[in-house]
Amino acid sequence: MLHFGIRGHEMIGLIGGATVEVGDPSGRDTERAKLEDDVKTTNESSISKQMERVLRNGIAYARSKGYTDIGPLRMVNNATWWKEMSFLGFMATIGRHLRVQEMIKRQSVQRRIISEVGIGYNEFTYQALQAYDFFHLHKTFGCNIQFGGSDQYGNIASGVDLTSRLQFAHNLPRIQTFGITTPLLTTATGEKLGKSAGNAVWLDPALTSPFALYQYFVRLPDVDVEKYLRILTLLPLSEIAEIVTKHNEDPSLRIGQHALGREVTDIVHGLGFGDRAHIQSRILYSTPSEGISYSADEIIDAFENDSQLKEFPATDVLEERLVKVIQRVTSNRSMKSIRELVYSGGVYVGPSMTRVNDVQATIQPKWLINGRLLIIRLGKSDLQIINLK
């Protein structure tokens, strides 16, 4: 949708506030469980906000890449027109133009008909409801293309067919309509991208933070990088080729994955979040040989509103024993566990990520970045940043 939008087409995001009551059988071996009203309301609101936010962030991202002829964005909910439609009204005006032979041929229906559980009338007619949604958007807003995942092929084809029939029946202009399906994103191993058990990737930052989203793409295997740079970013193909070439010179640096993570994070969460996540990643996984090259202001900006960033009066930290400072900024670590971590060489401090083995060590001015920012890493992934006031 974004690819069409940044080339001047109007984007229409459709939320199924009405059709959720029926349930789509596509890709399902059993009927979907009926959701409670409060769950449906929450899902409806969340999905609508997420779709609009990602598309608007994508538009801003596209502008940053030089796209200027960008079409408008409209969000709609099919509950607004279905609430005016009675069952008898639908059967009389729409149902007569639906052909059961075609509906039965749909793969989603065929799979369920031959299964042990069969298919309910509600799910069987789902394709008719989605088909009418497309006709309504075509007639009301001039929508001529419907997008969906490959599992939506049958529903989308029904929409194109019904729209053609209703154009003729209602003496409307005969405008050709189209359906476009896209394959589900999969990794090189065939797994659905971002949907592995226990490790799902969410659009909601409360469920998957911008940093976690960035890290997900940084961890992708090399074989997937070029494919996703082409699919999930708006980088020019020439620039992608340069990134891949540099990446292949030393794959251990994960240059391609870092570029991918930056771009996708900017699209999902907004411009600048990719750079913030990149800085967070570089600091968290920096080694003593690499050190930290960012200024205090850059680091504070990158960790703004993050629980890892804390403020303390300078007098409470300077010359204080390191183990006491660690205990103060970490609420879930005992002094015993902190001492053991120090003895085992698991504590790193300062811009050079100096390893500290002495439990009597005190905070040194040389550990501060720009004289006011102290970074402490505990183990591999627990980062504490203290801004001295």
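Quick look at the structure, then. What you see is a predicted model, and the numbers here were worked out from it, not measured in a lab.

1. Description of the environment of Leu73
At step 1: If you trace the backbone, Leu73 turns up in strand β2 (residues 73–77).
At step 2: Between the C-alpha atom of Leu73 and that of Glu123, which follows or precedes it by 50 residues, the distance is 30 Å.
At step 3: Not counting residues up to four positions away in its chain, the partners in contact with Leu73 are Met11, Glu52, Leu55 and Arg56.

2. Here's the deal with helix α2 (residues 37–64)
At step 1: Between its first and last C-alpha, α2 extends 41 Å over 28 residues, near the 40 Å set by a 1.5 Å rise per residue.
At step 2: Among the residues of α2, Lys40, Gln50, Val54, Leu55, Asn57, Gly58, Ile59, Tyr61 and Ala62 are the ones counted as buried.
At step 3: On its buried face, α2 sits against α1 (2–5), β1 (11–15), β2 and α13 (255–269).
At step 4: Gly66 sits one or two residues past α2 and shows a positive phi near 100 degrees.

3. Here's the deal with helix α8 (residues 126–141)
One turn of an α-helix holds 3.6 residues; hence residues three or four places apart share an orientation.
At step 1: The terminal C-alpha atoms of α8, which comprises 16 residues, lie 22 Å apart, in line with the 22 Å expected from a rise of 1.5 Å per residue.
At step 2: With respect to burial, α8 is a largely interior element, 13 of its 16 residues being buried.
At step 3: Positive phi appears at Gly142, one or two residues downstream of α8, with a value of about 75 degrees.

4. Focus on the pairing of strand β9 (residues 373–378)
Working note: regular strand, side chains alternate between the two faces of the sheet.
At step 1: Counting buried residues in β9 gives 6 out of 6 residues, a clear majority hidden from the surface.
At step 2: Pairing of strand β6 (residues 347–349) with β9 involves 3 bridges; the strand directions are antiparallel. Residue pairing in the sheet places Val349 in a bridge with Ile376 of β9.
At step 3: Note: strand β8 (residues 368–369) against β9, 2 bridges, orientation antiparallel. Paired with Ile369 across the bridge in β9 is Leu373.
At step 4: Taking the residues between adjacent antiparallel strands as the criterion, β8 and β9 are bridged by 3 residues, where Asn370 takes a positive phi near 55 degrees.
At step 5: When β9 meets strand β10 (residues 382–388), the two strands line up antiparallel, connected through 6 bridges. Bridge pairing in β10 links Arg377 to Leu383.

5. A short note on empty space enclosed by the protein
At step 1: Scanning the entire structure with this criterion turns up 2 cavities of 30 Å³ or more.
At step 2: In this structure, the largest cavity occupies an estimated 80 Å³ of space.
At step 3: Along the walls of the largest cavity sit His97, Leu98, Arg99, Glu102, Met103, Arg106, Gln127, Ser158, Asp161, Leu162 and Arg165, which together make up its complete lining.
At step 4: Secondary-structure elements contributing two or more residues to the lining of the largest cavity are α5 (100–105) and α9 (153–169).
At step 5: Residues that form the lining of the largest cavity fall into these classes: 3 nonpolar, 3 polar and 5 charged.

6. Thoughts on the packing of aromatic side chains
At step 1: All chains considered together, the criterion is met by 6 aromatic pairs.
At step 2: An angle of 70 degrees between the planes, with centres 5.2 Å apart, marks the rings of Phe4 and Phe147 as edge-to-face. On the criterion of sequence distance, the pair formed by Phe4 in helix α1 and Phe147 in strand β3 (residues 145–149) is long-range, its members being 143 residues apart.
At step 3: A centroid spacing of 6.0 Å and a plane angle of 45 degrees characterise the contact between Tyr132 and Phe135, whose relative ring orientation is tilted. One end of the pair, Tyr132, and the other, Phe135, are both in helix α8, 3 residues apart, so they sit about a helical turn from each other.
At step 4: The exposure class assigned to Phe135 is buried, which follows from its relative accessible area of 3%.
At step 5: Through pairs of rings, three or more aromatic residues link up here, namely Trp82, Phe90, Tyr132 and Phe135.

7. Concerning the pattern of salt bridges
At step 1: In the structure shown here, the tally under the stated rule is 10 salt bridges.
At step 2: Lys65 is the partner of Glu263 in a salt bridge, and the nearest nitrogen-oxygen pair spans 3.2 Å. Of this pair, Glu263 sits in helix α13 while Lys65 sits in the loop between α2 and β2, and the two are 198 residues apart along the sequence.
At step 3: A relative accessible area of 33% places Lys65 in the partly exposed class.
At step 4: In this structure, Arg165 engages Asp161 in a salt bridge whose closest nitrogen and oxygen atoms are separated by 3.1 Å. Residue Arg165 and its partner Asp161 are both found in helix α9; the two are separated by 4 residues, about one turn of the helix.
At step 5: According to the relative accessible area criterion, Asp161 is partly exposed, its value standing at 31%.

8. Topic: the packing of α2 against α13
At step 1: Closest axis-to-axis distance for the α2/α13 pair is 6 Å, and the angle between their directions is 125 degrees. When the axes of α2 and α13 are compared, the pair comes out oblique. Residues Arg53, Val54, Asn57, Gly58 and Tyr61 of α2 lie in contact with α13, whose contacting residues are Glu263, Asp266, Ile267, Val268 and His269.
At step 2: In terms of residue class, the contact of α2 with α13 is built from 4 nonpolar, 3 polar and 3 charged.

Rules behind the numbers
- Residues numbered from 1 in each chain as written.
- Predicted model: local features only at pLDDT ≥ 70, side-chain atom pairs only at ≥ 80, totals over all residues.
- Heavy atoms only, no water.
- Helix = DSSP H or I, 4+ residues; strand = E, 2+ residues; numbered from the N terminus.
- Contact = heavy atoms within 4.5 Å.
- Expected span 1.5 Å × (residues − 1).
- Buried < 20%, exposed > 50% of the residue type's maximum accessible area, 1.4 Å probe, protein only.
- Pairing = 2+ DSSP bridges.
- 1 Å grid on protein atoms, 1.4 Å probe; cavity = no way out; pocket = protein on both sides within 12 Å on 5 of 7 lines; lining within 4 Å.
- Points joined across faces, edges and corners; volume = space filled by probe spheres on them.
- Nonpolar A, V, L, I, M, F, W, Y, C, P; charged D, E, K, R; others polar.
- Phe/Tyr/Trp six-rings, centres within 6.5 Å; stacked < 30°, edge-to-face > 60°.
- Salt bridge = Lys/Arg side-chain N within 4 Å of Asp/Glu carboxyl O.
- Axes fitted to C-alpha atoms, helices over the stretch in contact; angles between N-to-C directions.
- Parallel < 35°, antiparallel > 145°, perpendicular 65-115°, else oblique.

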